[in-house]
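# Examination of the molecular architecture
Each chain, written out:
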Amino acid sequence: MPKRVDHEQRRRELAEALVRCARVKGLHAVGYREVAAEAGVSVNLVQYYFPSKEKLLLGGLVHLRAVMTSRLHERLAAFGDDDPVERVRLILGELLPHDETSMDLYRVHAAYAALALTDPGLAAQPHTAGPDEIQPELASLLAQSGHPDPETVAITLLGLVTGLSAYTASGYLTHDQAAGALTRHLDMALTRS
C-alpha cells in the first residue's frame, strides 16, 4: 500500500527549508535548487508544491509569519499578566530581536520587506504587512489603559521598534542598547495617559 503524504506537512517542510536557506544565503539567492537541496528532495517535488518562484517565496513568507506569531503568542500566554501597559511592553519587547532565532527571523522578514518594495505581487500579500498587523491590538491595549491617543501612539511605537530592530540586526546597536532605548521611550509614552 502506498504511503500517504500529508501535503500540508510537506509544504511546511519546504517553507522551513526556504527560510533556513534565506537565513544563510540571503533571500535573493534562494531558488528551487537551494530549497530542494536543503530539504533533501528533488527540484520537481518543490515545483509540485510551489509551481512558481512567486508561490515559493510566498510560502516561505507565510511560514515565517506563522513562526513569528507563534513565538509572540507563546510569550504572551506564559506572561499571564492582564495589565494592558505591561502587555504593550511585552509585545514590543518580543518584536525586538533578542536571541539568535529572533535575529534570524527578523533578518529574513526584513529581506521580504525589501523585496516587497520592488515586487508588487509580494507587496499585495497580507503577510507582507509586518508588525503593523499588531497595531490594532496595541491601540486596544493603550485605550484600555486610558491613553488619550492610542492609535497614534501604537503606530509610533511600532515604527520605533522597527527602527531599533534594524539597528540591532545591522550591529549598530546591541540588544541591550536597543532594549534600553525602547524602555525609556515606553516610560515616557505610557505615563502620559
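Presented here is a report on the structure given in the accompanying data block.

### Remarks on helix 9 (residues 150–170)
Over its 21 residues, helix 9 runs 30 Å from end to end, which matches the ideal 30 Å to within 8%, given 1.5 Å per residue. Elements that come into contact with the buried residues of helix 9 comprise helix 5 (84–95), helix 6 (100–116), helix 8 (135–144) and helix 10 (175–190). Two residues or fewer after helix 9 comes G171, characterised by a positive phi angle close to 90°.

### Let's talk about the packing of aromatic side chains
This model, assessed by the stated rule, comprises two aromatic pairs. The interplanar angle of 90° and the centroid separation of 4.9 Å between the aromatic rings of Y48 and Y49 together place this pair among those described as edge-to-face. For Y48, a relative accessible area of 57% translates into the label exposed. A relative accessible area of 7% means that Y49 is categorised as buried. Centre to centre, the rings of Y167 and Y172 are 4.7 Å apart; their planes meet at 65°, and the pair counts as edge-to-face. Judged by relative accessible area, which is 43%, Y167 ranks as partly exposed.

### A look at the side chain of Q135
Note that Q135 resides in helix 8. Its relative accessible area of 14% is what places Q135 among the buried residues. Discounting chain neighbours no more than four positions away, the residues touching Q135 are E151, A154, I155 and L158.

### Details of the pattern of salt bridges
This model, assessed by the stated rule, comprises seven salt bridges. With a shortest N-O distance of 3.9 Å, R10 and E13 are connected by a salt bridge. Of this pair, R10 and E13 both sit in helix 1 (residues 7–25), three residues apart, roughly one helical turn. The exposure class assigned to R10 is partly exposed, which follows from its relative accessible area of 25%. For E13, a relative accessible area of 35% translates into the label partly exposed. For E94, the salt bridge is made with R75, and the minimal N-O distance between the two is 2.9 Å. Residue E94 is located in helix 5, and its partner R75 is located in helix 4 (residues 53–79); the two are separated by 19 residues in the primary sequence. Classification of E94 by relative accessible area gives buried; the value is 11%.

### Considerations on the environment of L27
Looking at the secondary structure, you find L27 in the loop between helix 1 and helix 2 (32–39). Separated by 33 residues in the primary sequence, L27 and G60 have C-alpha atoms spaced 9.9 Å apart.

Scoring rules and cut-offs
Residues numbered from 1 in each chain as written. Predicted model: local features only at pLDDT ≥ 70, side-chain atom pairs only at ≥ 80, totals over all residues. Heavy atoms only, no water. Helix = DSSP H or I, 4+ residues; strand = E, 2+ residues; numbered from the N terminus. Expected span 1.5 Å × (residues − 1). Contact = heavy atoms within 4.5 Å. Phe/Tyr/Trp six-rings, centres within 6.5 Å; stacked < 30°, edge-to-face > 60°. Buried < 20%, exposed > 50% of the residue type's maximum accessible area, 1.4 Å probe, protein only. Salt bridge = Lys/Arg side-chain N within 4 Å of Asp/Glu carboxyl O.

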